[in-house]
Amino acid sequence: MSFEPERLGQSRSDLAEALRSLRKRAGKTQTWLARRCNMSQTKVSNMESGKLTPAIVDVELILEALGTDDPAASQILEMVRTANTEWQDHWSSRRRGLDKKQNELARIETVTTEFRFFLLSAITGLLATPEYVRASIADTPGDQSKTIAKKLERQSVLYDSSKSFTFLLTEQAVRWPLLPPLAMAMQLDRLASVSRIPSVRLAVIPLAGHISEMPLNTFTVYDRRLATVETGTGALILRDHRDVNAYREDFERYESYAVFGDECRELLNEWSGIFTRQRE
């Protein structure tokens with residue numbers, strides 16, 4: 001199935017209709033199906049009405065209960081995978097207001113326990129100084145003060161002892177000169193400071209030696225429920241467990257090339273010193 005962003009929203013209603021039609025053709029009630037799948041009747045109803053996007057495991061249970069043949073099952077499984085994928089383009093986010101996007105991220109962070117950030121080309125807002133945050137949204141029209149304030153406010157989640165964070169930053173992400181040299185040195189000092197927070201594991205991947213992996217995107221994995229993948233024009237939101245697991249596996253491989261702790265802080269200090277000397 002080709003990727004068509006404009007189809008993602010419609011696919012949810014298509015899936016709901018397909019599940020409803022499948023059950024009716026089998027001559028079964030929602031109550032019967034709910035009992036066979038160990039679900040509530042309300043959940044089945046919400047999936048069939050499009051109020052709830054089912055997880056792929058829910059649909060697999062339904063297909064098994066209804067004895068759906070392979071061709072039809074394969075088609076519906078493709079539909080559920082697409083329904084669990086959301087496209088958020090940058091232009092829509094900017095029209096709604098980037099401060100509202102910060103509210104969405106804060107809600108996700110509230111319900112997430114385990115975070116994995118792979119940062120390919122830039123430093124994420126949770127790790128950024130106010131100057132870096134301001135520079136990262138400098139091309140956004142309108143008043144940016146609310147967005148900056150909300151980005152900085154979200155950083156308090158790093159001190160929540162019930163959560164754990166792992167940040168993997170490539171050397172390129174750390175050293176990309178988004179700010180003047182002294183401000184970049186301060187940003188690197190901020191990374192070293194954050195690396196000492198008990199709930200945080202922060203590492204860099206030096207561009208040295210042999211790295212057999214070739215990452216293409218920045219991405220974040222929230223527990224086992226959600227992965228977001230950044231592109232130049234927007235972000236993919238992935239909820240299918242196969243997609244989420246694939247990015248968790250990618251993260252583990254990239255982590256094998258990363259350096260943590262004192263070794264990481266030594267590199268950050270070295271790179272910070274280079275920025276400082278550039279100012280002299």
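Quantities reported herein were computed from a predicted structural model and do not represent experimental measurements.

Undergrad: Lay out the nonpolar core with the relevant residues and their values.
TA: Counting 40 residues, the largest nonpolar core has L127, F165, F167, L169, L202 and L268 as its most contacted members. Among the elements of the structure, β2 (114-119), α8 (130-136), β3 (164-170), α10 (171-175), α11 (181-194), β4 (200-205) and α13 (261-279) are those that each provide at least two residues to this core. Examining the composition of this core, we find that seven residues originate from one element, α11, more than from any other. Every residue in contact with L127, bar those within four places of it in the chain, is listed here: L119, Q155, F167, L169, Q187, R190, L191, V194 and L202. In terms of nonpolar packing, the next biggest core, distinct from the first, is built from 22 residues, L15, L33, A34 and C37 among them.

Undergrad: Please give an account of the pairing of strand β7 (residues 234-238) that cites residues and values.
TA: For a regular strand, the rule is simple: side chains alternate between the two faces of the sheet. Burial analysis of β7 places five of its five residues in the buried class, the great majority of the element. Both faces of β7 are covered, namely the face carrying G234, L236 and L238 and the face carrying A235 and I237. Where strand β1 (residues 85-89) and β7 come together, five bridges link them in antiparallel fashion. By the bridge assignment, Q88 is partnered in β7 with A235.

Undergrad: Could you give me a rundown of the sheet that holds β2, with the residues and numbers involved?
TA: If you walk across this open sheet you meet the seven strands as β1-β7-β6-β5-β2-β3-β4, and the pairing is mixed. Every other strand in the sheet has two partners, leaving β1 and β4 as the edge strands with one partner each. Pairwise comparison of adjacent strand axes, ignoring direction, gives a mean angle of 10 degrees for this sheet. Lying over the sheet, helix α12 (residues 241-255) contacts β2, β3, β4, β5 (219-222), β6 (226-230) and β7, oriented at roughly 115 degrees with respect to β5.

Undergrad: How would you summarise α12 if you had to cite specific residues and measurements?
TA: Taking 1.5 Å of rise per residue, 15 residues should cover 21 Å, and α12 covers 21 Å from first to last C-alpha, within 8% of that figure. Restricting attention to buried positions, one finds in α12 the residues D243, V244, R248, D250, F251 and Y254. Down the axis of α12, the smallest arc covering the buried residues is 160 degrees, so these residues share one side. N-cap assignment for α12: the residue whose side-chain oxygen lies 2.8 Å from the backbone N of R242 is D240.

Undergrad: Go over the pattern of salt bridges, please, and point to the residues and values.
TA: Taken as a whole, this structure holds twelve salt bridges when the rule is applied. A salt bridge links R116 to E114, with the nearest nitrogen and oxygen atoms 3.0 Å apart. Through salt bridges with shared partners, one network takes in E114, R116 and R248.

Undergrad: Can you lay out the confidence of the model for the chain for me, pointing to particular residues and giving the numbers?
TA: Predicted coordinates in regions of low pLDDT should not be interpreted in detail. Across the chain, the average pLDDT comes to 88, with 93% of residues at 70 or higher. Scored below 50 in pLDDT, residues 1-9 shows eleven contacts in the model against residues more than four places distant or in partner chains.

Undergrad: So what's going on with the packing of aromatic side chains? Residues and values would help.
TA: The tally for this structure, following the rule as stated, stands at ten aromatic pairs. Here the aromatic rings of F115 and F117 are separated by 6.3 Å at their centres, their planes lie at 10 degrees, and the arrangement is stacked. Put simply, the rings of F115, F117, F165, F167 and Y222 pair up and form one aromatic cluster.

Undergrad: So what about the packing of helix α4 (residues 56-66) against helix α5 (residues 70-83)? Which residues, and what values?
TA: Where α4 meets α5, the axes come as close as 10 Å, and the angle between the chain directions of the two elements is 160 degrees. Put simply, α4 runs roughly antiparallel to α5. As for how α4 packs across α5, the hand of that crossing is right-handed. Between α4, through I56, V59, E60 and L63, and α5, the contact on the second element is made entirely by A73, I76, L77 and V80. Among the residues making up the contact of α4 with α5, the classes are represented as seven nonpolar, no polar and one charged.

Undergrad: Could you give an account of the side chain of T166, naming the residues involved and the relevant values?
TA: Inspection of the secondary structure puts T166 in strand β3. Judged by relative accessible area, T166 falls into the buried class, the value being 11%. Polar side-chain contacts of T166 include one of 3.4 Å to the side chain of R201. When near neighbours in sequence (up to four residues on either side) are disregarded, T166 contacts F115, R116, F117, R201, F251 and F260.

Undergrad: Kindly report on the environment of A65, identifying the contributing residues and their values.
TA: Of note, A65 is situated in helix α4. A relative accessible area of 16% places A65 in the buried class. Separated by 29 residues in the primary sequence, A65 and R36 have C-alpha atoms spaced 6.5 Å apart. The residues contacting A65, other than those within four sequence positions of it, are W32, L33, R36 and C37.

Rules used throughout
- Residues numbered from 1 in each chain as written.
- Predicted model: local features only at pLDDT ≥ 70, side-chain atom pairs only at ≥ 80, totals over all residues.
- Heavy atoms only, no water.
- Core = buried A, V, L, I, M, F, W, Y, C linked by side-chain atoms within 4.5 Å.
- Buried < 20%, exposed > 50% of the residue type's maximum accessible area, 1.4 Å probe, protein only.
- Helix = DSSP H or I, 4+ residues; strand = E, 2+ residues; numbered from the N terminus.
- Contact = heavy atoms within 4.5 Å.
- Pairing = 2+ DSSP bridges.
- Axes fitted to C-alpha atoms, helices over the stretch in contact; angles between N-to-C directions.
- Expected span 1.5 Å × (residues − 1).
- Arc of directions from axis to C-beta.
- Polar contact = N/O pair within 3.5 Å; in protein donor to acceptor, adjacent residues only side chain to side chain.
- Salt bridge = Lys/Arg side-chain N within 4 Å of Asp/Glu carboxyl O.
- pLDDT = per-residue confidence, 0-100.
- Phe/Tyr/Trp six-rings, centres within 6.5 Å; stacked < 30°, edge-to-face > 60°.
- Parallel < 35°, antiparallel > 145°, perpendicular 65-115°, else oblique.
- Left-handed = near helix turned anticlockwise from the far one by under 90°.
- Nonpolar A, V, L, I, M, F, W, Y, C, P; charged D, E, K, R; others polar.

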